[in-house]
Amino acid sequence: MGLLLRGGRVLNLENGELESRDVLVEGKKVARIASSIEADAHEVVDLGGHVVLPGFIDMHVHLRQPGFEGKETIETGSKAAARGGYTKVACMPNTRPVLDTPELMKYVYDVAQREGSCSVLPYGSISKGELGEELTDIAALRAAGAVGITDDGVGVQSSSLMREAMRIAASLDVPVVIHSEDEDLAKDGCMNEGVVSKRLGLPGIPGLAESAMIARDILLAQETGAHLHVCHISDAWSVELVRWAKSMGLRVTTEVTPHHLLLTESIIDETDGADANMKVNPPLRTELDRQACLKGLLDGTIDMIATDHAPHMEEEKKRPFRTAPFGFVGLEFAFPVLYTELVEKSSALSLHELVKKFATNPADVFKLSGGRIVEGEVADITVVDLESERAINPDEFFSKGRNTPFAGQKAKGWTVLTVNEGRITYKA
Ligand SMILES: [Zn+2]
């Protein structure tokens, strides 16, 4: 018996047309796409004209397990992902212990298999314990299923260590995924360095702490031939550097978060730095930086959207701005908030261009299945309602985290159905 998704409108990724089609799923694959498919002997879900998209892929989430299960678990985080329309997420290794061995890759795959609501792809760390001193066994991590290597949460300060990591990664064709942060420039900053940080008397993190590291790593990628993927780009010079690297034909890709596309440090200014739900790393920056990120997204410099979903406990985020942990949740509303602001309200980009940033491009860049709905290929599917408007309500989150500056904002484009490898993982 198959799963028949009837009466939906399938987005054509080439021309952006919405085409009335039924989609038949058998096992883990899309069996047929046609204007009308007989319902006999199939489980039928009536989609009522809602829009059928390839399942979203988020290459940057923190699921916190093992070690910080009070913040999130693979079970709750992947449930949140499914609710947000995601069928694959890549989880960061800054857990406790750090995901730095093949055994820990297997641990994540096993827990996700048992308790997960989407495919979970672990990153292995670049350095043991993310201490920046000694390289992990990159070949063994890759063999155990690491989707890439990264020390996300901290930057790799040692240039010689990064150079060696890139040499090995290039020989194994493993993506090197960088949290670019020069700690000597960032110091103990808690927001963007500039007029607002000065006015509030808070220590700042200059954009240069990000862009200078990206410049170094682009040059290392040039020398070694490694695929460099820049995490959560946020600064205008950073975007310019990636644009230059691409123009030189280097294997450099990047991602941007919904918050760096839509928010600036002005929201911290307006609340006098009193609300740590606005604290994130890299920090919310200036309008000039935000515009640069938007331009980079539109012209193809920025390949994909990633949420950097970073749940924390409520009491942690109630601390003063200076001492509270960095991070926002994002999985459950990333698509609605960007669809509403960038497609519906401002027409900055079209629906199919946005969907490519959410699904097709991450699949292509990281050589993953999915990203398209094609007969004979994996049935990773998201159905969204582009009409109904609802406010973002943290009380409804499946995630344990409630920390978002978008709470209360109204949006359209909510997920009504998610199918991961042929299995329904979320239904509104
Ligand atoms: Zn990071």
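Residues numbered from 1 in each chain as written. Predicted model: local features only at pLDDT ≥ 70, side-chain atom pairs only at ≥ 80, totals over all residues. Heavy atoms only, no water.

Moving on: the domain arrangement of the protein chain. Partitioning the protein chain into structural domains gives domain 1 (2-51 + 377-427) and domain 2 (55-365). Relative to domain 2, the C-alpha centre of domain 1 lies at a distance of 26 Å. Opposite the 40 residues of domain 1 that make contact, domain 2 presents 50 residues. Between domain 1 and domain 2, roughly 3400 Å² of surface is buried when both sides are summed, and carbon and sulfur atoms account for 60% of that area. Its largest share of buried area at the contact with domain 2, domain 1 owes to K400, N403 and F406, together 20% of the area lost on that side. If you look at where domain 1 meets domain 2, you find three salt bridges. K88 is the salt-bridge partner of D380, the closest N and O atoms lying 3.2 Å from each other. Scanning the region where domain 1 abuts domain 2 turns up 23 residue pairs in polar contact (both at pLDDT 80 or more). For the side of domain 1 that touches domain 2, the leading source of residues is strand 18 (residues 414-420), giving five residues. Tallied by class, residues from the side of domain 1 that touches domain 2 come to 16 nonpolar, 14 polar and ten charged. (Domains from an automatic or database assignment. Contact = heavy atoms within 4.5 Å. Buried area = accessible area lost by both parts, 1.4 Å probe. Salt bridge = Lys/Arg side-chain N within 4 Å of Asp/Glu carboxyl O. Polar contact = N/O pair within 3.5 Å; in protein donor to acceptor, adjacent residues only side chain to side chain. Helix = DSSP H or I, 4+ residues; strand = E, 2+ residues; numbered from the N terminus. Nonpolar A, V, L, I, M, F, W, Y, C, P; charged D, E, K, R; others polar.)

Our next topic: the pairing of strand 1 (residues 2-11). Taking burial as the measure, the ten residues of strand 1 include seven buried ones, the bulk of the element. Where strand 1 and strand 4 (residues 42-46) come together, five bridges link them in parallel fashion. From the neighbouring strand, L4 faces strand 4, where its bridge partner is V44. Hairpin geometry of strand 1 and strand 2 (residues 18-26) is characterised by an intervening segment of six residues between the two adjacent antiparallel strands and by a positive phi of about 80° at G16. Alignment of strand 1 against strand 5 (residues 51-54), held across two bridges, turns out to be parallel. Looking at strand 5, one finds that R9 is bridged to V51. (Buried < 20%, exposed > 50% of the residue type's maximum accessible area, 1.4 Å probe, protein only. Pairing = 2+ DSSP bridges.)

Further remarks concern the sheet that holds strand 7 (residues 86-91). On the basis of which strands lie adjacent, the open sheet formed by three strands has the order 6-7-8 and parallel pairing. Where the open sheet ends on each side, the last strands, each with one partner, are strand 6 (56-61) and strand 8 (119-122). When strand polarity is set aside, the average angle formed by the axes of neighbouring strands in this sheet is 20°. Relative to strand 8, strand 7 runs parallel, the two being bridged by four bridges. Within strand 8, the position partnered with V89 by the bridge is V120. (Axes fitted to C-alpha atoms, helices over the stretch in contact; angles between N-to-C directions.)

Pairing within the open sheet is parallel, and its four strands lie in the order 9-12-13-14. Pairing within the sheet leaves two strands with one partner each, and these edge strands are strand 9 (176-178) and strand 14 (304-305). Along the sheet, helix 7 (residues 208-224) makes contact with strand 9, strand 12 (228-230) and strand 13 (252-256), crossing strand 12 at roughly 165°.

With 15 residues, helix 14 (residues 351-365) should reach 21 Å at 1.5 Å per residue; the first-to-last C-alpha distance of 20 Å fits that figure. By the largest-angle criterion, K357 marks the main kink of helix 14, which is about 50°. Counting buried residues in helix 14 gives eleven out of 15 residues, a clear majority hidden from the surface. If you check which residues of helix 14 are buried, you get L351, H352, L354, V355, K357, F358, A359, T360, P362, A363 and V365. (Expected span 1.5 Å × (residues − 1). Bend = angle between axes of the 7 residues up to and from the residue.)

Here, UniProt's "binding site: Zn(2+) 1" (unreviewed entry) annotation points to H60, H62, D152 and D308. A maximum C-alpha distance of 10.1 Å is found for the annotated residues, which run over 249 residues; spatially they form one tight group. For D152, the position within the fold is in the loop between helix 3 (138-143) and helix 4 (159-172). Ignoring sequence-local partners within four residues, the contact set of D152 consists of H60, H62, M92, N94, E130, H179, C231 and H232. Of note is the side chain of D152, whose polar atom sits 2.9 Å from the side chain of H60. Mapped onto the elements, D308 comes out in the loop between strand 14 and helix 12 (314-317). Ignoring sequence-local partners within four residues, the contact set of D308 consists of H60, H62, H232, T257, N281 and F328. Among the polar contacts made by the side chain of D308, one reaches the side chain of H62 at a distance of 3.1 Å. (UniProt positions renumbered as here; feature names shortened; annotations may be inferred.)

As a further point, take the packing of aromatic side chains. Inspection of the entire model under this criterion finds nine aromatic pairs. For the pair F56 and Y86, a centre-to-centre distance of 5.7 Å together with 70° between the ring planes defines the contact as edge-to-face. Here Y86 lies in strand 7 and F56 lies in strand 6, a separation of 30 residues in the sequence. Judged on exposure class, the residue F56 and its partner Y86 are both buried. The ring of F398 carries R83 above its face, with NZ or CZ at 5.5 Å from the centroid. A cation over an aromatic ring shows up here: K279 above the ring of F326, its NZ or CZ 4.6 Å from the ring centre. (Phe/Tyr/Trp six-rings, centres within 6.5 Å; stacked < 30°, edge-to-face > 60°. Lys NZ or Arg CZ within 6 Å of the ring centre and 35° of its normal.)

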